[in-house]
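Architecture and fold: a report
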Amino acid sequence: MIPNQNYRQLQENYLFSEVARRAAAYRKAHPERELLHMGIGDVTLPLCGAVVDALKQAAEEMGKPETFRGYGPEQGYAFLREAVKGYYAGRGVELDVDEIFISDGAKSDLGNILDLLDRENTVCIPDPVYPVYVDTNLMDGRKIVFAAATEANGFLPLPDDSLAADVIYLCSPNNPTGAVYRRDQLQRWVDYANERRALILFDAAYEAFIQDPELPRSIFEINGARTCAVEFCSLSKTAGFTGTRCGYTVVPEELCFGGMRFQKMWLRRQATKFNGVSYLVQRGAQAVFTPEGQRQVKENLAYYRRNAAVIMQALEELGVWYTGGKNSPYLWLRCPGGKPSWDFFDCLLHTAGIVGTPGSGFGRNGEHYFRLTAFSSRANTEKAMERLKALQAAL
Ligand SMILES: *Cc1c(COP(=O)(O)O)cnc(C)c1O
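Residues numbered from 1 in each chain as written. Predicted model: local features only at pLDDT ≥ 70, side-chain atom pairs only at ≥ 80, totals over all residues. Heavy atoms only, no water.

1. Concerning the site of the ligand
Taken together, the neighbourhood of the ligand is formed by 13 residues, with Asp203, Tyr206, Ser234, Ser236 and Lys237 sitting nearest. Between aspartate 203 and the ligand, the recorded distance is 2.6 Å, taken from a side-chain N or O atom to a nitrogen atom. Bound to the protein, the ligand loses 93% of the 390 Å² it would expose on its own. Mapped onto the shell around the ligand, the elements with two or more residues apiece are α4 (106-112) and α7 (236-239). (Near = heavy atom within 4 Å. Polar contact = N/O pair within 3.5 Å; in protein donor to acceptor, adjacent residues only side chain to side chain. Areas by Shrake-Rupley, 256 points an atom, 1.4 Å probe, with all protein chains shown as cover. Helix = DSSP H or I, 4+ residues; strand = E, 2+ residues; numbered from the N terminus.)

2. Observations regarding the pattern of salt bridges
A complete count under the given rule lists 21 salt bridges for this structure. As a salt-bridge pair, glutamate 207 and arginine 91 come within 3.9 Å of each other at their nearest N and O atoms. Of this pair, glutamate 207 sits in the loop between β6 (199-203) and β7 (229-234) while arginine 91 sits in the loop between α3 (78-89) and β2 (100-103), and the two are 116 residues apart along the sequence. One salt bridge in this structure joins arginine 226 and glutamate 254, with 2.7 Å as the shortest N-O distance. Placement of arginine 226 in the loop between β6 and β7 and of glutamate 254 in the loop between β8 (247-250) and β9 (256-257) is noted, with a sequence separation of 28 residues between them. (Salt bridge = Lys/Arg side-chain N within 4 Å of Asp/Glu carboxyl O.)

3. Comments concerning the domain arrangement of the protein
Parsing the protein into structural domains produces domain 1 (12-41 + 293-390) and domain 2 (49-290). Distance between the C-alpha centres of domain 1 and domain 2: 27 Å. Residue-level contacts link 27 residues of domain 1 with 34 residues of domain 2. Broken down residue by residue, the surface that domain 1 buries against domain 2 is led by Asn327, Phe362 and Asn365, which jointly contribute 25%. Counting across the domain 1 and domain 2 interface gives one salt bridge. Residue arginine 334 pairs with glutamate 151 through a salt bridge whose shortest N-O separation is 2.6 Å. (Domains from an automatic or database assignment. Contact = heavy atoms within 4.5 Å. Buried area = accessible area lost by both parts, 1.4 Å probe.)

4. Considerations on the side chain of glutamine 270
With respect to the secondary-structure elements, glutamine 270 resides in helix α8 (residues 262-273). Aside from chain neighbours lying at most four places away, what touches glutamine 270 is Glu74 and Asp109.

5. Brief notes about the sheet that holds strand β4 (residues 143-148)
Within the open sheet, the seven strands sit side by side as β2-β8-β7-β6-β5-β3-β4. Their pairing is mixed. The sheet is open, and its two edges are formed by β2 and β4, each paired on a single side. Averaged over all neighbouring strand pairs, the angle between strand axes comes to 20°, with direction disregarded. Packing of α3 onto the sheet brings it into contact with β2, β7 and β8, and relative to β2 it is tilted by some 120°. (Pairing = 2+ DSSP bridges. Axes fitted to C-alpha atoms, helices over the stretch in contact; angles between N-to-C directions.)

6. A few points about unusual backbone geometry
Cis rather than trans, the peptide bond between aspartate 127 and proline 128 has omega equal to 10°. Counting through the fold element by element, proline 128 comes out in the loop between β3 (122-127) and α5 (132-140). Of note, the amide linkage connecting asparagine 175 to proline 176 takes the cis form, showing an omega dihedral of 20°. Considering the arrangement of structural elements, one finds proline 176 in the loop between β5 (167-171) and α6 (183-196). One non-glycine residue, phenylalanine 155, adopts positive backbone phi at about 60°. Assignment of secondary structure puts phenylalanine 155 in the loop between β4 and β5. We classify phenylalanine 155 as buried; its relative accessible area is 3%. (Buried < 20%, exposed > 50% of the residue type's maximum accessible area, 1.4 Å probe, protein only.)

In structure tokens:
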């Protein structure tokens, strides 16, 4: 047996384990000090009532012979695909239910979609970004080129003539920078992809955090996207499904490369390697899209948004440069004093008891930046910002 040699190319992803290690060491040395976790990329508010009720009812159904369900459709139950279709229609994006695929989350599909791509493709990945795109392509041995996301381009790289990519990852609103592409900027990517016959993999996991009505929440709001893009979305951040697991992927009917229809290939891939998301979870997900579910989910999003506002206010008072926060749960700040990311991490930990995430962990261009998140509790967010302001002199 010869193991996949590409795994040798993977760098030890030590970002979150190193954060945890340093925080634990500090806690051990200073047990009296309360640590405030402002780096979490996980939600903290529980599932909303509408979802819990739907889960309970589905559990009851599963316990009765007349309503019990076995294997479901691999692509997802029609009731949920119809609900997703309605959600998109609410923003003026018309989809066919056959273009919507229910999954156990965006991360799985972002990795699984690579089954459909030849190894010889060159992929373009923004730097910094969610580390999953890089690692899944390294596992396959694909060539990666990076698109630099910097302060100069507002952390939103655009294509230029020198770029030779067959597959392009876009994440908007972005994790970790919180930057969101405008319509005209996404149009440039779509035009580039259509001209080059390249594929865009659009990660919309944070679309629900967009408040500005001018900003696109789906790549399919852009002309020409149906011939070049696949969109990945998830209820993880929108509705607190990180532990419940449900997402959806949109593969347009028109998407076709080398005479092969992508939607048909994806259906075949899913039918062969995936047996669908549990009936219970799909009923819970359906509840998110009901008027009551939407109202409740929006309350939770508003809570995180107010946390983001608390952080933004503090950073402004401190005169720290930052981006994100307005249309995203992430705040991306420039480390004061030009400190490297890990030095600033240690400084915040040791002087304020705040645990954040060093930007360098998301890519080379993340060095000298730092990520804070709005997913903590209000009390912790306020306390952390008070401590930060008290630190002004040290910054
Ligand atoms: C959290 C997150 C996801 C969602 O992953 P799930 O598997 O649906 O929980 C996708 N993309 C990015 C960039 C994320 O941060």
